[in-house]
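# A look at the structure
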Amino acid sequence: MKKIYLLVTMGLFSCATVFAQIKNAETKTFKVKAKCVSSKEIIESAGNQKRISTVSYNTDEGIATIKFDNTKTTAEAILKKIALSGFDNEQYFAPDNVYEKLAADCKYTRDKKAADHSVHSNSTHNQSKIQSHTQTLHEDHEMHADDKSDLVLNAYFNMKDAFVQADQSEILKQATLFKKILDNTLKETPSSQNLTSLSNLTHKIIQEKDIKKQRKFFAELTQPMYKLAKNAKLKSAVYYQNCPMFEGGSNWLSKDSAIKNPFYGNQMLSCGSTVETLK
Amino acid sequence: MKAHFRIQHWFYAVIAFVFSVNLHAQKRVEYDLFVRDTIVNFSGKQKRAISVNGQIPMPTLVFTEGDTAVIRVHNQLKESTSLHWHGLWLPNKEDGVPLLTQMHIQPGTTYTYSFPIIQNGTHWYHSHSGYQEQIGMYGSMILKKRESDVAFRKGIDDLPAVPVMLSEWTDLKPGNVQRMLHNANDWFAIKKGSTQSYAEAVRAGHFKTKLTNEWKRMLAMDVSDVYYERFLINAFSESQLKQFKAGDKVRLRISNGGASTYFWLRYAGGKITVVANDGNDVEPVTVDRLIIGVSETYDVVVTIPEKGISYEFQATSEDRTSSASLFIGEGRKQLIEPLPKLKYFEGMKMMNDMMNSDGTMNDMGMKMSLQQMDMNTVMYPEITGETKNKISKKSEVSKEEDQKMGHSESSGIDHSLHGNSSSNITTLNYGMLKSTENTELSTHASVKELQFKLTGNMNRYVWSMDDKVMSETDKIPVKKGQILRITLYNNSMMRHPMHLHGFDFRVINKNGAYSPLKNVLDIMPMETNVIEFQANTEGDWFFHCHILYHMMAGMNRVFQVGNYTNPSLPNKEKAYKMLQHESNMTHFMVENDFATNGNDGMLMLQNARWALNSEWALGYNDKHGYEVETHLGRFLGRNQWFQVFVGFDWRYRKMGHHEVEKNLFGKKNTKDERALLSTGFVYTLPMLVNFQAEVYHDGNVRLQLMREDIPVSKRIRAGLMVNTDREYMGELSYILNRNVSLRTHYDSDMGFGLGLKLNY
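Residues numbered from 1 in each chain as written. Chains lettered and ligands numbered in written order. Predicted model: local features only at pLDDT ≥ 70, side-chain atom pairs only at ≥ 80, totals over all residues. Heavy atoms only, no water.

The subject of this paragraph is the overall build of chain B. The secondary structure content of chain B amounts to eleven helices and 46 strands. Compactness check: chain B gives a C-alpha radius of gyration of 28 Å against a globular reference of 27 Å for 760 residues, within 12% of the reference. For chain B, the spread of C-alpha atoms along the three principal axes comes to 100 × 75 × 55 Å. Expressed as a percentage of contacts within chain B between residues at least 6 apart in sequence, the contacts between residues at least 24 apart total 68%. Taken as a whole, chain B presents about 30400 Å² of accessible surface, with 56% of it coming from carbon and sulfur. Side chains of chain B give 86 positive and 84 negative charges; the mean places of these two sets differ by 1 Å. (Helix = DSSP H or I, 4+ residues; strand = E, 2+ residues; numbered from the N terminus. Rg over C-alpha atoms; globule rule 2.2 N^0.38 Å. Contact = heavy atoms within 4.5 Å. Areas by Shrake-Rupley, 256 points an atom, 1.4 Å probe, with all protein chains shown as cover. Lys, Arg positive; Asp, Glu negative; His and termini not counted. Charge placed at Lys NZ, Arg CZ, Asp CG, Glu CD.)

Here it is in structure tokens:
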């Protein structure tokens, strides 16, 4: 009995050693772009597959040595995995989104122009624009009326996006920002009823804890916002959109023609239609 | 990726010559198609497939509007075949549906299809016999627009075009796939990682969701049913179009020839401009991505932005298990980020909300239509963000990596923002399609209004319309020239690509007179859509779900337009009976546990409504006994939760000397052998517990509660049974592979047992 036990254990061990080896091994080297120290680990773990392939990356030379079982995979397949983890190489460019997500010190110089179609960079871009705008607002009081309505609209869109995402902390943040901009604008044109009602409604949104009620107030915002957009000289098209389901039909404004419904969060994202396009 | 596909008899391609004869500017375009068995290797295993002229996909057939097509099919298979011209307007006898528009093309014979080409656009063709489409019989069919056509669009119709045929590959025989689906075999879910077991639910913080789901008598939900080894574009997992350079615009003529897979289409080089759908021109619309339903076609235009880079055009299966890539342009390949995995429990939660306790779905009326309100969105991390309280290994690893990569705490927030901000993704839907021409129908024709409710039973894989499968319905008579206005409502849990033969229908959307023309309508759960067309061509036209496994399960109807005499189908009535029979085949299943205490097993034959099953427990000695119970039952009702049956029960068990069996009702039994007739019913209770009541001819009554296949973890299943004969059983099994599990059980008759359970 003991003997059998021993045999089994030995068998297991020998199996383990066999598993660690790569059969039909072929070795190739490729240039892989990387910069920071941690990239070595990411590249190697992206390309390593038990019994199939091992990758060792030389950070100084920027060269990956790939050893692989040529009956099970190809060097290209492994290079693809490496690229998908964020590192450009001889065969593949990493997806732009994945490259963008690399830590700042890991971002190497790419052999291609920066992509301008990235959805992500667009929205972050807009946000930073708003923030810098608010700063200039404090410093510089000489702004044109159109810029102001643009500012108000953009802040509204950010708040609307927060409603689309149904992210309450984001809603609070964006509503506060929106109110700040409204109040600043109000200082110059204190007689504007439109702005006053906007500011009051936004105040209610900030005070309210229940997202359903916040949405109701947000729906009420639409009419004064629509008036504001209608009177302003718009730099880009604004879409006046409708959701038939919320409160027996509610509207909102968006700068995208595609529907992103703010009244149900991510559950009924694309429900609704564009009623009017303001230009 | 290696080019796995080997063209076996490729020299046949040479034989397929095309010649044309000019006849008063009208061309006769002829093709010879040789259909043969072949061996392919898509996944590392050699499997049988069917090639045409040595090719998979079948050769691309190209015609120009106004041509006459002559296509000779040489059947060199050992089985019958047929070819259907998907999306084409043609005489009914050329439509290629065996037993409906023609007889089967027998082995060793040649059949000629001939019809005038009276339209243009991207179409495709495929076999309409058995499971042949799944194993290679699909190909593109390009009908070119004449340059003199007033509808010729400069900048679109003169672009270089590439046919793109999407498909999938499984190493299993498609007939076996169908059988497994009917038996609710969850092997595909295990392969896909979508078991949604209790253990996984607990880890994801969704225990209550899972409980509610089973309370509502639902099995794990998924966006598709079958696991595929490979997804393919023109029969390759990865390929490149090197002939295009930076600045080039390329028109992709995409057809989805998959058997059951919807594909997400995305492009690494920027946005996608959709210019046609189902072979009909639409006003160009630019989107980030689109989903192509089974058997739909889309024409899209993409641009190559930068010199020396080849951009990935990716087709990802809707379940996101894998994808196929086409790199457009020369040079280094620019990848696109893979779509993140589905959040299944979010989907389950949504399903729970939509499903009523009687098994129907909430009817939202026309509020939900045209793919505009995609409920699946709750499962898409790229739109609704990553799962917040996910404790899975992966996120831990990535968190560690983040820290290693020198991310500060704020990086976590950054990521969530990333996920959310990408809800700027524009996805195409039918509401955005606008025809380039006025598509309104004649106001003089009479209108026939029809309503169909799409129905289904996931557990037994019965798919139907108005709760009736094809074998339970007659053809629907329509007068020639009449307008059919059909309201379709999907009350099932899956989306269905409904395809109409012989006509394009208008999909009524906000564009009114310019509503788009289509021949496949994807309809999502709970959606209501209205389509209309004028039935101006006589004949029997098939209307069915193009998920081939749904079609074979009975989700079909036939519109009988006018009184058409079909020379290719001498005995129409008999042929239709045979077709009905084919659409409700009997499926077989058997399993046996070879255990230390005996053999437990069952055998089942079933179709849409009937089931014949026999269960046995065979001990190794007389004391343990031998028992066989056989039931013939019929399922009733929409959800098939109720089954009535008649049965025969035989048992032999050597009893002890003064041993007396007494059931819960005080009835006694002292006999060693008994043979009894019985009748009774089975009802599925919440939590999927089967309650069975059975009365025997000797007056004995037996009540039983049983729950099988409780998904404890990804591969562990549990089961419980108790009845009024004071018998009980508990089991636990571990699924090793598709056909084998390790099972341990305790049985009141036979005691504790450990065994190997084989199933087919």
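Having put the structure on the table, let's press on.
Residue and element names in this part refer to chain B. Of the positions making up helix α5 (residues 207-215), those classed as buried are Thr209, Lys210, Asn213 and Glu214. One side of α5 holds all its buried residues, which, seen down the axis, span an arc of 130 degrees. Away from its buried face, by an angle of more than 90 degrees, α5 presents the exposed residues Lys208 and Trp215. In this structure, the buried residues of α5 make contact with α4 (198-203), α6 (344-354) and β42 (701-711). (Buried < 20%, exposed > 50% of the residue type's maximum accessible area, 1.4 Å probe, protein only. Arc of directions from axis to C-beta.)

Residue and element names in this part refer to chain B. Ordered in space as β11-β10-β13-β18-β15-β16, the six strands form an open sheet in which the pairing is mixed. The open sheet has two edge strands, β11 (230-233) and β16 (280-287), and neither has a second partner. Strand after strand, the sheet turns through a mean of 25 degrees between neighbouring axes, direction not considered. (Pairing = 2+ DSSP bridges. Axes fitted to C-alpha atoms, helices over the stretch in contact; angles between N-to-C directions.)

What follows covers the confidence of the model for chain B. All names here are of chain B. Mean pLDDT over chain B stands at 87; residues scoring 70 or higher make up 91%. Predicted confidence for residues 1-24 stays below pLDDT 50, and this span has 50 contacts to residues more than four positions away or in other chains. Every residue in residues 389-422 is under pLDDT 50, and counting partners more than four places away or in other chains gives 35 contacts. Interface confidence for the predicted complex, expressed as ipTM, amounts to 0.79; the pTM equals 0.81. (pLDDT = per-residue confidence, 0-100.)

Residues and elements named next belong to chain A. Per the counting criterion, the structure on display carries one disulfide over all chains. For cysteine 36, the disulfide goes to cysteine 106, at an S-S distance of 1.8 Å. What sets the handedness of the cysteine 36 and cysteine 106 disulfide is the S-S torsion sign, and at about 80 degrees it is right-handed. Pair noted here: cysteine 36 is in the loop between β1 (25-31) and α2 (38-47) and cysteine 106 is in the loop between α4 (96-101) and α5 (119-139), with a separation of 70 residues, a long-range link. Judged by relative accessible area, which is 6%, cysteine 36 ranks as buried. (Disulfide = S-S within 2.5 Å.)

What follows covers the pairing of strand β23 (residues 462-465) of chain B. Alternating positions in β23(B) separate into two faces, B:Val462 and B:Ser464 on one and B:Trp463 and B:Met465 on the other, with burial throughout. Connecting strand β22 (residues 447-457) of chain B to the next strand, β23(B), in antiparallel fashion are four residues, including B:Tyr461 with a positive phi near 55 degrees.

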